[in-house]
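Report on the structure
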Amino acid sequence: MSNTIRFGVSLDEELLRMFDAILVDKGYTNRSEAVRDLIRSSLIEEKWGDGPEACGVLILVYDHHRNDLSRRLTNIQHEFYEVIITSLHIHTDHENCLEIIVLKGATQKVRELARGLVSVTGVKFGVFNPAPGGSEFK
Ligand code: NI
């Protein structure tokens, strides 16, 4: 077993308040264990990409009023149509859209699309969840 290292993290007060609320809801008794789980998830996500094919679910939340955001997100998806199995668009309120996009195919393209959509300026929330089914889970 390796040594345990302590380190500090600077965080916006409101973000930390929300994080703490989530910890309580999920049953964590301290921040360290929650941060460890987040790091483990991140490492698993990196491992996930080792196989030639992969799948996963992408979740996006964005304001469709913002500039040409909807058009940009759609254009990117059309560039990668071959790895999009299905998508679901929900108008969550007057401004916001929630999109759930199921991806499956060449790992490189799945990864590129997921990173590309999540990083578009104006996307309020974007997360990619690796899913079993690809060769990395054999
Ligand atoms: Ni919408």
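The shown structure was predicted, so the numbers you read here are calculated from the model rather than taken from an experiment.

1. So, the packing of helix H3 (residues 69-79) against helix H4 (residues 107-118)
Where H3 meets H4, the axes come as close as 10 Å, and the angle between the chain directions of the two elements is 175 degrees. The angle between H3 and H4 falls in the class roughly antiparallel. Taken together, the residues of H4 that come into contact with H3 (itself represented by Leu73, Ile76 and Gln77) are Leu113, Gly116 and Leu117. Looking at side-chain class alone, the contact of H3 with H4 contains four nonpolar, two polar and no charged residues.

2. A short note on the coordination of the nickel ion
Taken together, the protein donors to the nickel ion comprise His89 (NE2), His91 (ND1) and Cys97 (SG), at separations of 2.0 to 2.3 Å. Positions of the donor residues of the nickel ion, expressed as sequence spacing, correspond to H-x1-H-x5-C. By relative accessible area, which is 2% here, Cys97 ends up buried.

3. Side note on the domain arrangement of the chain
Its domain assignment divides the chain into domain 1 (13-47) and domain 2 (53-131). The gap between the C-alpha centroids of domain 1 and domain 2 is 24 Å.

4. A word on the pattern of salt bridges
Tallied over the entire structure, the rule returns six salt bridges. Glu33 is the partner of Arg36 in a salt bridge, and the nearest nitrogen-oxygen pair spans 2.9 Å. In this pair, Arg36 and Glu33 are both assigned in helix H2 (residues 31-48), three residues apart and thus about one turn of the helix distant. Close ionic contact of Arg71 with Asp68 constitutes a salt bridge, the shortest N to O distance being 2.5 Å. Judged by its relative accessible area of 47%, Arg71 falls in the partly exposed class. Under the relative-accessibility criterion, Asp68 is labelled partly exposed at 28%. By sharing partners, the salt bridges in this structure join Asp68, Arg71 and Arg72 into a single network.

Cut-off values and rules
Residues numbered from 1 in each chain as written. Predicted model: local features only at pLDDT ≥ 70, side-chain atom pairs only at ≥ 80, totals over all residues. Heavy atoms only, no water. Axes fitted to C-alpha atoms, helices over the stretch in contact; angles between N-to-C directions. Helix = DSSP H or I, 4+ residues; strand = E, 2+ residues; numbered from the N terminus. Parallel < 35°, antiparallel > 145°, perpendicular 65-115°, else oblique. Contact = heavy atoms within 4.5 Å. Nonpolar A, V, L, I, M, F, W, Y, C, P; charged D, E, K, R; others polar. Donors = N, O, S within 2.8 Å, 3.2 Å for Na, K, Ca; no water. Buried < 20%, exposed > 50% of the residue type's maximum accessible area, 1.4 Å probe, protein only. Domains from an automatic or database assignment. Salt bridge = Lys/Arg side-chain N within 4 Å of Asp/Glu carboxyl O.

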